[in-house]
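# Observations on the three-dimensional arrangement
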Amino acid sequence: MLKNLPKLLSPDLLKALSEMGHGDEVVIADANFPAHKMNKHVIRADGISGTDMLKAVLTVIPLDTYAKENFMLMKTTNGDSTPAIWKEYDKIAKSLDKNVKKKMIERFAFYERSKDAYLVIETGEERIYGNIIIKKGVIK
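Residues numbered from 1 in each chain as written. Predicted model: local features only at pLDDT ≥ 70, side-chain atom pairs only at ≥ 80, totals over all residues. Heavy atoms only, no water.

### Some remarks on the overall build of the protein chain
Our working definition: The helix and strand labels rest on DSSP assignments: H or I over at least four residues marks a helix, E over at least two residues marks a strand, and numbering proceeds from the N terminus. Here, residues are in contact when the closest pair of their heavy atoms is within 4.5 Å. We get accessible surface area from the Shrake-Rupley algorithm with a probe of 1.4 Å; when it comes to residues, only the shown protein chains can shield them. Counted as positive: Lys and Arg. Counted as negative: Asp and Glu, with His and the chain ends omitted from the count. In this description, the location of a charge corresponds to atom NZ of lysine, CZ of arginine, CG of aspartate or CD of glutamate.
Across its full length, the protein chain carries five helices and six strands. Ordering the α and β elements of the protein chain from the N terminus gives α-β-α-β-α-β-α-β-α-β-β. Across its three principal directions, the C-alpha atoms of the protein chain cover 45 × 30 × 25 Å. At a minimum sequence separation of 6, the contacts of the protein chain that also span at least 24 residues come to 88%. With an accessible surface of roughly 7700 Å², the protein chain has 52% of that area assigned to carbon and sulfur atoms. In the protein chain, the 23 positive side-chain charges and the 19 negative ones have mean positions that sit 5 Å from each other.

So, in structure tokens, the structure goes:
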């Protein structure tokens, strides 16, 4: 047992996050995301929302200060409206890291980028477009 760590972060997830290096990316995926098709390193977090997972992850890793973008969301398609979860993600990220550099990524480009991510965390998030990629920075 460890103290001062979010309880949502399982031992396997903590290990994976600590193995990541500067510039590595992690996908926090919603329940509809084809995680196992996109990446061989998937950790399931069933029953945990995307917003709670983002908050937990950003308490233990910083965003990359050197990257052009470090906080990437999947663009909507087919005229879908802007998802409310994005505003929540923005608020969480900005409250935990002052270096948020957001970028919107087209759906299939997001999938391709997910294939190169160090890790995909498949949450139980049911809201659509609840997928985000964050780029790990340097701990100072």
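### Topic: the pattern of salt bridges
Worth spelling out the cut-off: By definition, a salt bridge exists where a carboxyl oxygen of Asp or Glu is found within 4 Å of a side-chain nitrogen of Lys or Arg. Buried, partly exposed and exposed residues are distinguished by accessible area as a fraction of the type maximum, computed with a 1.4 Å probe on protein chains only: under 20%, between the cut-offs, and over 50%, respectively.
Throughout the structure, instances matching the rule amount to 10 salt bridges. One salt bridge in this structure joins lysine 135 and glutamate 25, with 2.9 Å as the shortest N-O distance. A residue pair is termed long-range when its members are at least 10 positions apart, and lysine 135 in strand β6 (residues 132-135) and glutamate 25 in strand β1 (residues 25-29) qualify at 110 residues. Residues lysine 135 and glutamate 25 agree in their burial class; the two are buried. Among the ionic pairs, aspartate 46 bridges to arginine 44, the shortest N-O distance being 2.7 Å. We classify aspartate 46 as partly exposed; its relative accessible area is 48%. Taken together, the shared-partner salt bridges in this structure form one network comprising Glu25, Glu69, Arg113 and Lys135.

### Concerning the layout of surface pockets
The line we're drawing: Points on a 1 Å grid, built from protein atoms alone, make a cavity when a 1.4 Å probe fits but cannot get out and make a pocket when they are open with protein on both sides within 12 Å along at least 5 of 7 lines; residues with an atom within 4 Å of a point are the lining residues. Grid points are joined across faces, edges and corners, and a volume is the space filled by probe spheres set on the points. Any residue that is not Ala, Val, Leu, Ile, Met, Phe, Trp, Tyr, Cys, Pro, Asp, Glu, Lys or Arg is counted as polar, Gly included; the first ten are nonpolar and the last four charged.
Space inside the largest pocket adds up to approximately 160 Å³. Forming the walls of the largest pocket are Asp30, Asn32, Phe33, Pro34, Met74, Thr77, Arg107, Tyr111, Ile128, Tyr129 and Asn131. Of the residues in the lining of the largest pocket, the class split is six nonpolar, three polar and two charged.

### So, the packing of aromatic side chains
Put simply, the rule is: Two rings from Phe, Tyr or Trp (for Trp, the six-membered ring) form a pair when their centres are within 6.5 Å of each other. A pair whose planes differ by under 30 degrees is stacked, one over 60 is edge-to-face, and the rest are tilted.
Applying the stated criterion across every chain, the model contains four aromatic pairs. For the pair phenylalanine 33 and tyrosine 111, a centre-to-centre distance of 5.6 Å together with 55 degrees between the ring planes defines the contact as tilted. Remark: tyrosine 111 occurs in helix α5 (residues 107-115) and phenylalanine 33 occurs in the loop between β1 and α2 (35-38); sequence separation between them is 78 residues. Tyrosine 111 matches phenylalanine 33 in its accessibility class, with the two residues each being buried. Ring centres 5.8 Å apart and planes at 75 degrees place the aromatic pair phenylalanine 108 and tyrosine 111 in the edge-to-face group. Of this pair, phenylalanine 108 and tyrosine 111 both sit in helix α5, three residues apart, which is roughly one turn of the helix. Residue phenylalanine 108 is classed as exposed on the basis of its relative accessible area of 51%.

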